[in-house]
Every structure is written in structure tokens, then in C-alpha cells.
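Here is what each chain is made of, one letter per residue.
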Amino acid sequence: EKYKFGEGTSYIHLKLAELLYQKGKDFDQKNSPDSLRWKLKEAEDMCQIILKKLPKSPGAKQAQQLIDKINESVLRVTSEEVSLPEEAFLAKITYKNIKAAYFKIIPLSFDKERQLSEGSNGLEVEKLLEERAVRQWAVKLPNEGDHHQNSVEIIIKALDYGRYALVFSDHSDF
């Protein structure tokens, strides 16, 4: 083993994990050296070792919190608000720590669109999800396990004339 573990060393190892986390967080795919790419994974591994070897130590709880932070999921989808009828359009998926995104296209009445655009609450979204989707599909996302945010663009097949909501989740049963 590279690092010695014993009582009282959990905070030292935690500080090392936090340093690795900071270096990894600063990684930029276009401008950073590849050596920084896996620092978040190294920080997670260090925290896992703390939890395994020193589970009741003072630093174990903070190690778990850092693991949770590293493993946070992100899923955002952006597209044009309006697309031309019967023409495909692009959407950008921004994600972190997610293996797949699930999509539904749900037709909207004028009133339902207005309700949603005026500041939807969870109840209105739940009602929307009860509607029958005209299309649903999944997109498998490249996930190399480095815990960094990534983006991909997808083509959404053309829709007939009308109003639609594009809803998405990282769970297939939404």
C-alpha cells in the first residue's frame, strides 16, 4: 500500500482526498493535462479506503460526504423552444454520473402549455406525465467513470404540427 492507515490518520487521508478532489474538479477536457482527469476517481477511492479501514474514525463521515458529492448526478437537456413541424431538431444533453437518459414527447394543449410556462409545480408535472406520450426512447450516454460532466448532442425525429413537451429523466420508469 502506498499510504499507511491507522487511528488518527483519517483526517490526514481525508485532506489528501480533498486535495485530489480539488485537482479533479479543476479538470477541463479541452485545456487540462490528462493526468488531472482521474483525480476525482482517486479521491473517491481514497475515501472508500477510509470507510473500509477506519469506519468509526472521525474522518469517515466526511469521507462519505465527499463520496456523495463526487457521485452527484447531473442531467440537463437544452433544445430550441420552437422547432419546425416535420423537421428533425437537435438537443444537447449535459450529464454527470449517468448511464442513460430517458425521453418522452407529450402533446400539449394551449392551456396546459400556458400552465406549465407560468411556473409549474410538481403536481402539474405529475399530471403531464400521466398523459400518453407520442414518442419515448432512451439514449445510452458514454460514461467512463471519471466523474466529470460531459455533453452530447442528439437528433430528435421530426414531429407533426402541434405543441409538445419534451420530458426527460435518468430513470426509465418516470
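Here's what I pulled together on the structure shown here. (Residues numbered from 1 in each chain as written. Predicted model: local features only at pLDDT ≥ 70, side-chain atom pairs only at ≥ 80, totals over all residues. Heavy atoms only, no water.)

**Points about the side chain of D146**
- By the secondary structure assignment, D146 is in the loop between β4 (135–140) and β5 (150–156).
- Judged by its relative accessible area of 3%, D146 falls in the buried class.
- For D146, the side chain forms a polar contact with the main-chain nitrogen of H148, separated by 3.1 Å.
- The residues touching D146, leaving out its near neighbours within four places in the chain, are R37, W38 and L40. (Helix = DSSP H or I, 4+ residues; strand = E, 2+ residues; numbered from the N terminus. Buried < 20%, exposed > 50% of the residue type's maximum accessible area, 1.4 Å probe, protein only. Polar contact = N/O pair within 3.5 Å; in protein donor to acceptor, adjacent residues only side chain to side chain. Contact = heavy atoms within 4.5 Å.)

**A closer look at the packing of helix α2 (residues 39–53) against helix α3 (residues 60–70)**
- One can describe the packing of α2 onto α3 by two numbers: an axis separation of 9 Å at closest approach and a directional angle of 150°. For the element pair α2 and α3, the recorded crossing hand is left-handed. Of the residues in α3, those touching α2 at L40, A43, E44, C47, Q48, I50 and L51 are A60, A63, Q64, L66, I67 and I70. (Axes fitted to C-alpha atoms, helices over the stretch in contact; angles between N-to-C directions. Left-handed = near helix turned anticlockwise from the far one by under 90°.)

**Some remarks on the environment of T78**
- Note that T78 resides in strand β1 (residues 74–79).
- Put simply, T78 and K41 are 37 residues apart on the chain and 28 Å apart in space, counted from C-alpha to C-alpha.
- Beyond its immediate stretch of four places on either side in the chain, T78 contacts A91 and K92.

**Structural notes on α3**
- Every buried residue belonging to α3 is among A60, A63, L66, I67 and I70, and all of these are buried. The arc that holds every buried residue of α3, seen down its axis, measures 115°, which confines them to one face.
- Summarising the contacts, the buried residues of α3 are in contact with α1 (10–25), α2 and β2 (89–96). (Arc of directions from axis to C-beta.)

**Some thoughts on the sheet that holds β4**
- One open sheet accounts for 3 strands, arranged β4-β3-β6; its pairing is antiparallel. The open sheet is flanked by β4 and β6 (164–169), the only strands paired with a single partner. Sheet twist, expressed as the average angle between the axes of neighbouring strands with direction ignored, equals 20°.
- When strand β3 (residues 100–107) meets β6, the two strands line up antiparallel, connected through 6 bridges. Within β6, the position partnered with P107 by the bridge is Y164. (Pairing = 2+ DSSP bridges.)

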